[in-house]
Structures are given as C-alpha cells and as structure tokens.
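# Structural overview for review
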Amino acid sequence: MSLTERVERGRPSDAPLVEGSVQTFEDGLFTEFKEAVSERMPPQRMARLIERNPLQARSEIRLTCEEVLSDCPWLVRGQTGGDDFVGRFLDSVFGLGPLEPLIADESITEVMVNGSRSLFIEREGVLVEEESSFANDEQVQALIDRILAPLGRRVDESSPMVNARLPQGHRVNAVIPPLALDGPILTIRKFRSRVLSLSEMKGLGSFDDAVLQLMAWAVLRRCNVAVSGGTGSGKTTLLNALSCVIPEGERIVTIEDSAELRFFEHPHVVRLEARPRNAEGLGEVTIRDLVINSLRMRPDRIVVGECRGAEALDMLQAMNTGHDGSLTTLHANSPSEAIGRLTTMVRYGAELPVSVIESQIASAIDLVIQTSRLSSGRRRVTDIVGFELDGQGRCRAHPYYSWDVVRGRGLWVDVPAWVEELPYVGVARKEEVEAWKSSLSYSH
C-alpha cells in the first residue's frame, strides 16, 4: 500500500458522533476540520512531503491546520481547542491516531485493540475497557499499515500476522483476517521511558529490603542470574533494574528478539537484535546466532532478553566458560519448571542426554528469581532459588526465599553459599553480611 493510500484511508468517514464522548476521534467538528485541511493540502501532496522530508512535512501540515482554524473559527467550540484539533490531526498522519493519548500515558502498560468493537488497556496490572475510537475495521487496518510502513514491515493476506517494534521501543503485534475472525487485532506492549531501579520496585511492593540486598549482591558478585515468570509478570522490568547495579567499568552486550531492555544509564552497552526472515524467506538472524557472535565481542556481561530456543545451549556454555555475571529471563511458572524448560530448549540445539544438560544447568545458573503477577495486578518476587545436583545427578531447585501468600510476608529457608564469600571479594563488609543475615525471617 502506498503512502498516498495510507493518508487517504486516514481521511474522515461518515461515522456518527458517539454520544457523551468529548474525545471521540471521528466527531462532527473534527471531521469538518480534516476535510478542510485535506482540501487545502490533498493527500497526494501530503504523502510526497512526508516521503521527501518528514520534519518539513510536519511543519507545513501544522501551518495548514492553523490556517484552517484561522479562516474557520466556528470549528472551535465549547471545550475543544484549536491545539487539540491540530494535535489530533498530526497524530492521525504521523502517530497512532486515537491511541496516541494511551501511548503517552505512563501508567498504561498494554493497549489491546480488538477490531473496531472494543478497546482494552492494562493499567497497574488490571484490564480496563475503554471506549473504542474506531468507527470501523478499515480504520484499524489503516492504523496498522501506518505503524508498520516506517519499520519496513507489512501485513496482508499472505502474511496476516506480524511482530514489530516502535521507535520508542514498544512491542507491536498485529493479526488480521483471515486469521482474526472479528477484524484486525492490534496489541501494543508498552515499556516505561525510564528504567525503574531496585529501590523504586521495592517501594511499589515487589520485594523487601532483604531481597533487594541479595539481588544487588548477586549482580556485583557476578553471579549468573535468571529471572523466571509468566507473561506480564515483570521479568523485563526486574532485569532492567538488575542491570542498573552493573558497575560502569564493564562492557555489556544485550541480545533480544525484540529490543525491550533499557540501559540508558550505563556508558558501555552494545545492543543486538534478532532479525526475522524477509518476504522471500531470507536474511534471518536468530538469537542463537547473536549469542555465538557476542562471545567474540569481548563482553564482560551477556544479557539475553529471553531464552526461548536453542540459544539456551550457547548461553549455558558461555556461563560455564568464563562469562560470569550473565543475565537472562525465562518463561516458567515456577523455578522447578524452569529446569524442564531449559532442558527442552537445549535439546532444540543438540541431542544431549538429559543428565548432561541438567549438570550444565546446575553449574551455570547461580540464582533464579521467580516473579508473579498477583490477582491485584501487583508484580512480586515470589521465590528465589539456586540450582544443584541431587544424589542421582538430577538438577533440582534449592529454595532460599518464598513469599507466603497466607501470611503476606516473605520467608527465608536458607542463604546462598556465595554470600559468605562477599567480604573476601570486595562486594560487602563482613558486618553488612552478618547484619543482613540477622534481619531475615526464617520459616519454621
């Protein structure tokens, strides 16, 4: 679809004004305003300007909008201001149209467009239904096209499903008919523009001081840490917070399927992102390819956004061959389940005996932090474990900490052996370690 066609499809429709909605995208006055702007600057000319120079195009389109408002002052009535009209029009051409205010809202973490029928958001972990601003499915499709076009991606009947990333880092998934039976589906996973620190996460109730201290020590001690959890449990948020503890003198290589990690504060970060195959089925670069290549890039830390396939084998081998302090996330509902998930993923890459794989897992990963999303929507660290081999040579989870839902507090079972080494490697003073250990609440 050409840029001209996309601009045309963003033009006003005959959708009626939704009663009681001041902010409706296709209200009557705004429709008149858009028609007047399009008369002065036809979509074909607008498209040519955008292709040639987007910044200049934005400036000229804004000037045209202001001229229309100056010549047609009756368009600005009641609570609606001219700046609002201009902003909404520019959003419809350059941005995400009616979704732009939702994307700008920092409290919203997910936007879900289910065709033109319904629109849901996730705020603080809780789903909330919003009034849909789309008059028909064609408008949703036009928005999807406008999102994907600058990214060099496309979605059509031959390829009706796509994953992409917006310039600001938000993750986009789109599914259109015939796979989506009730119209185009658009899901946008948002990420905060600013990374939360461990202290800020503690303030939000994700964990207490004792857990915070152990996690910070684990990073400084160069332990290999895996953050495990289900979808939307806060794995990436915690991984970002842990990265803030990495000393500034170290070189970090991040590897992701879709770039979500934020390392704004660290001075030496190399970011790598996997690439899907193109329309001809060529050009694919997998996470495994990037993990293998990262070993040649002199990394102090390797951070894999998520292990989900054969790259788990190379990640474990890197952890076991001198690349201490690596960080990753895993999809698993419990630390014990993470062992099975890792074993399965390694077998994608090599047909090794299960006992050999589990031995690699036990020696490679020092700490597993399990995150969960509670029914209230709050994300919380619910378990901290280490991996070890039992008498039969099988890998098992050795518990250190767990969140007691009934009592509403965290309880400790044990502490990692490496905590005793902290004073001797310059991470913490002996008095600090002893004070931390004496503050723990143990389960009986």
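What counts as what
- Residues numbered from 1 in each chain as written.
- Predicted model: local features only at pLDDT ≥ 70, side-chain atom pairs only at ≥ 80, totals over all residues.
- Heavy atoms only, no water.
- pLDDT = per-residue confidence, 0-100.
- Helix = DSSP H or I, 4+ residues; strand = E, 2+ residues; numbered from the N terminus.
- Contact = heavy atoms within 4.5 Å.
- Buried < 20%, exposed > 50% of the residue type's maximum accessible area, 1.4 Å probe, protein only.
- Core = buried A, V, L, I, M, F, W, Y, C linked by side-chain atoms within 4.5 Å.
- Pairing = 2+ DSSP bridges.
- Axes fitted to C-alpha atoms, helices over the stretch in contact; angles between N-to-C directions.
- Parallel < 35°, antiparallel > 145°, perpendicular 65-115°, else oblique.
- Nonpolar A, V, L, I, M, F, W, Y, C, P; charged D, E, K, R; others polar.
- Expected span 1.5 Å × (residues − 1).
- Polar contact = N/O pair within 3.5 Å; in protein donor to acceptor, adjacent residues only side chain to side chain.

When pLDDT is averaged across the protein chain, the result is 83; 90% of the residues are at 70 or more. Across the protein chain, helix H9 (residues 209-220) holds the top mean pLDDT of 96, while helix H1 (residues 3-9) sits lowest at 45. Taken as a whole, residues 1-26 scores under 50 in pLDDT and shows 58 contacts with residues more than four places along the chain or in a different chain.

Attention now goes to the environment of Thr236. Inspection of the secondary structure puts Thr236 in helix H10 (residues 235-243). Since its relative accessible area comes to 17%, Thr236 is described here as buried. Thr236 sits 69 residues away from Gly305 along the chain, and the two C-alpha atoms are 7.4 Å apart. The contact partners of Thr236, leaving out residues within four places of it in the chain, are Phe191, Glu260 and Leu261.

This brings us to the nonpolar core. What tends to happen in soluble globular proteins is that the nonpolar side chains get buried as a cluster. Judged by nonpolar contacts, the single largest core of 42 residues is most densely connected at Leu198, Phe207, Leu238, Leu242, Trp412, Trp418 and Trp436. The element contributing the most residues to this core is H9, with nine residues. The contacts of Leu198, once residues within four sequence positions are left out, are Phe207, Leu212, Met215, Ala216, Leu238, Ala241, Leu242 and Val245. Formed by 37 residues, the second largest nonpolar core is a distinct cluster that contains Val270, Ile339, Ala362 and Ala364.

Once that is clear, we can look at the pairing of strand E15 (residues 409-412). Where strand E14 (residues 395-404) lies against E15, four bridges are found, and the strand directions are antiparallel. Bridging from a neighbouring strand, Tyr401 pairs with Trp412 of E15.

Right, let's talk about the packing of helix H12 (residues 311-320) against helix H13 (residues 335-349) for a bit. The N-to-C vectors of H12 and H13 enclose an angle of 105°; their axes lie 6 Å apart at closest approach. Of the possible angle classes, the one that applies to H12 and H13 is roughly perpendicular. Residue-level contacts link Ala312, Leu313 and Leu316 of H12 to Leu342, Met345, Val346 and Gly349 of H13. Across the contact of H12 with H13, the residue classes tally to six nonpolar, one polar and no charged.

For the rest of this paragraph, the subject is H9. In an α-helix, one full turn covers 3.6 residues, which means residues spaced three or four apart are oriented alike. When the terminal C-alpha atoms of H9 are compared, their 16 Å separation across 12 residues agrees well with the 16 Å that a helix rising 1.5 Å per residue should span. Across the 12 residues that make up H9, a large majority, nine, are buried. When we look at burial in H9, the residues that qualify are Ala210, Val211, Leu212, Leu214, Met215, Ala216, Trp217, Ala218 and Val219. Its side-chain oxygen 3.2 Å from the backbone nitrogen of Ala210, Asp208 forms the N-cap of H9.

On to the sheet that holds strand E12 (residues 367-373), then. For sheets, the rule is that strands pair by backbone hydrogen bonds, running either parallel or antiparallel. Read from one edge to the other, the open sheet built from nine strands follows the order E9-E8-E10-E11-E7-E12-E13-E14-E15, with strand pairing classed as mixed. The sheet is open, and its two edges are formed by strand E9 (269-273) and E15, each paired on a single side. Averaged over all adjacent pairs, the angle separating strand axes in this sheet is 25°, with direction ignored. Sheet topology places strand E7 (residues 225-229) next to strand E11 (residues 327-331); five bridges connect them, and they run parallel. The residue bridging Gly229 from the neighbouring strand is His331, located in E11.

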